[in-house]
Amino acid sequence: MTRAEQRPAPQDFDRVLSSMCTEPHPAAREAAVEFLADNPGDPATYPTVAELEREAVAALGDVVGLEDPHGYVGSGGTEANVQAVRAARDLADGDVNVVAPESAHFSFRKAADVLDVELRLAATDDDHRADVDAVADRVDGDTALVVGVAGTTEYGRVDPVPALADVAADAGARLHVDAAWGGFVLPFTDHDWSFADADVDTMTIDPHKMGQAPVPAGGFLARDPETLDALAVDTPYLESDAQPTLGGTRSGAGVAGARAALEALWPDGYRDQYERSQANAEFLAAELRDRGYDVVDPVLPLVAADVPDRELEAVREDGWRVSTTAGGDLRVVCMPHVTREMLASFLEALSEAGSV
Ligand SMILES: *Cc1c(COP(=O)(O)O)cnc(C)c1O
């Protein structure tokens, strides 16, 4: 065997239905490889990638309806959520708490843990969205941050962001919107989720999910420069003076890849992709319903359905990568690599699993 044949191949996406990662856009892949060794964590030494990052942040501002965005391209949604909690904690006094819906991503548990703040989870409504009254009940004078999710990880739900903004404002707390997954599809829907729709202070939006950038590329955005100032620490040994990021050295691949994906796809390419993905989700939901499963309507391109474990085990043995929610529902994320043909072939595999 030659050396090339022995080298392990990366995961094929043709049976991956559970992941929020996808094939990067070709231009993004190319840019990522070019900027692998440039460190945007030290912008004075690496000015070209620093400029690409400013362009990427400006483009993300266009996506989220924020004219003068402050932020950076980090390692992902987890880092951005940690940073949102950290900024809120540092801009408030004393022991603070964070109030989030139960549907919030598990990264908020990590944030609460490393930052030593209390995380209060509020019940969701019958449609898996944040229940505004339940959130208001958990908020008190020590609440530094209220979290809304725009595109939940398990059911693709969009929280009532303007109402949560009012709850936060009444309590003197900040509002963070986690649009890690949903941020690149929501601009093409009627949902109120963005900086333009409500008094949002910070947002998470991941180019490395629906944005079709290579991993790692996460977005952290803030309305005010004070948020980044609160996060910045002095960096004596670098050419640059201060660093607001959580990571130190970062790969230029994420920054350059995110910028290239945004340049290639915003807005028309993302709109086309949203329409394809949403149509696929609706197709899958209808087919599953026809087969007698309980299906949660796909508000965004994510389908959840009550499929018996036995059938899931059988399709997994067939090579399908599927996952379930905490409640045990199958969840299929209609990412850009998920085609109608893939879904048809998955449905066939499911039918076979159901008949044995
Ligand atoms: C995926 C996801 C995250 C975590 O993002 P990573 O990039 O995996 O760190 C956070 N919030 C939501 C809503 C997500 O879907």
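Scroll up to find the structure this text is about.
Anyway, here's the lowdown on the structure attached to this text. This structure is a prediction, so every number in the text was calculated from the model and none was measured. (Residues numbered from 1 in each chain as written. Predicted model: local features only at pLDDT ≥ 70, side-chain atom pairs only at ≥ 80, totals over all residues. Heavy atoms only, no water.)

Here we come to the overall build of the protein. Broken down by element type, the protein carries twelve helices and 13 strands. Compactness check: the protein gives a C-alpha radius of gyration of 21 Å against a globular reference of 21 Å for 356 residues, within 12% of the reference. Based on the C-alpha atoms only, the size of the protein along its principal axes is roughly 65 × 60 × 35 Å. Within the protein, the proportion of its 356 residues that are buried is 54%. Partitioning the intrachain contacts of the protein with sequence separation of at least 6 by distance along the chain shows that 71% fall at a separation of at least 24. Accessible surface for the protein amounts to roughly 15700 Å². Of this, 45% is attributable to carbon and sulfur atoms. Across the protein, 27 positive and 66 negative side-chain charges occur, with their mean positions spaced 6 Å apart. (Helix = DSSP H or I, 4+ residues; strand = E, 2+ residues; numbered from the N terminus. Rg over C-alpha atoms; globule rule 2.2 N^0.38 Å. Buried < 20%, exposed > 50% of the residue type's maximum accessible area, 1.4 Å probe, protein only. Contact = heavy atoms within 4.5 Å. Areas by Shrake-Rupley, 256 points an atom, 1.4 Å probe, with all protein chains shown as cover. Lys, Arg positive; Asp, Glu negative; His and termini not counted. Charge placed at Lys NZ, Arg CZ, Asp CG, Glu CD.)

Glancing now at the sheet that holds strand β12 (residues 323-324). Strand order in the open sheet formed by four strands is β10-β11-β13-β12, with antiparallel pairing between adjacent strands. Since the sheet does not close on itself, it has two edges, and those belong to β10 (295-296) and β12, each with one partner. Looking at chain direction, β10 and strand β11 (residues 302-305) are connected through two bridges and run antiparallel. Residue pairing for β11: V296 is matched across the bridge by A304. (Pairing = 2+ DSSP bridges.)

Attention now goes to helix α2 (residues 26-34). It helps to recall that an α-helix has 3.6 residues per turn; residues three or four apart then point in one direction. If you check which residues of α2 are buried, you get A28, A31 and A32. The buried residues of α2 all sit within an arc of 105 degrees when viewed along its axis, so they share a single face. Opposite the packed face of α2, turned more than 90 degrees from it, sit the exposed residues P26, E30, V33 and E34. Tucked into the core, α2 has its buried residues touching α9 (252-265). (Arc of directions from axis to C-beta.)

Turning to the site of the ligand, a few remarks are in order. Of all residues adjacent to the ligand, which total 15 residues, the nearest are G77, T78, D178, H208 and K209. One nitrogen or oxygen atom from the side chain of T153 is found 3.1 Å from an oxygen atom belonging to the ligand. One nitrogen or oxygen atom from the side chain of K209 is found 3.1 Å from an oxygen atom belonging to the ligand. Surface burial for the ligand is 85%, taken as the share of its 390 Å² of free accessible area covered by protein chains. (Near = heavy atom within 4 Å. Polar contact = N/O pair within 3.5 Å; in protein donor to acceptor, adjacent residues only side chain to side chain.)

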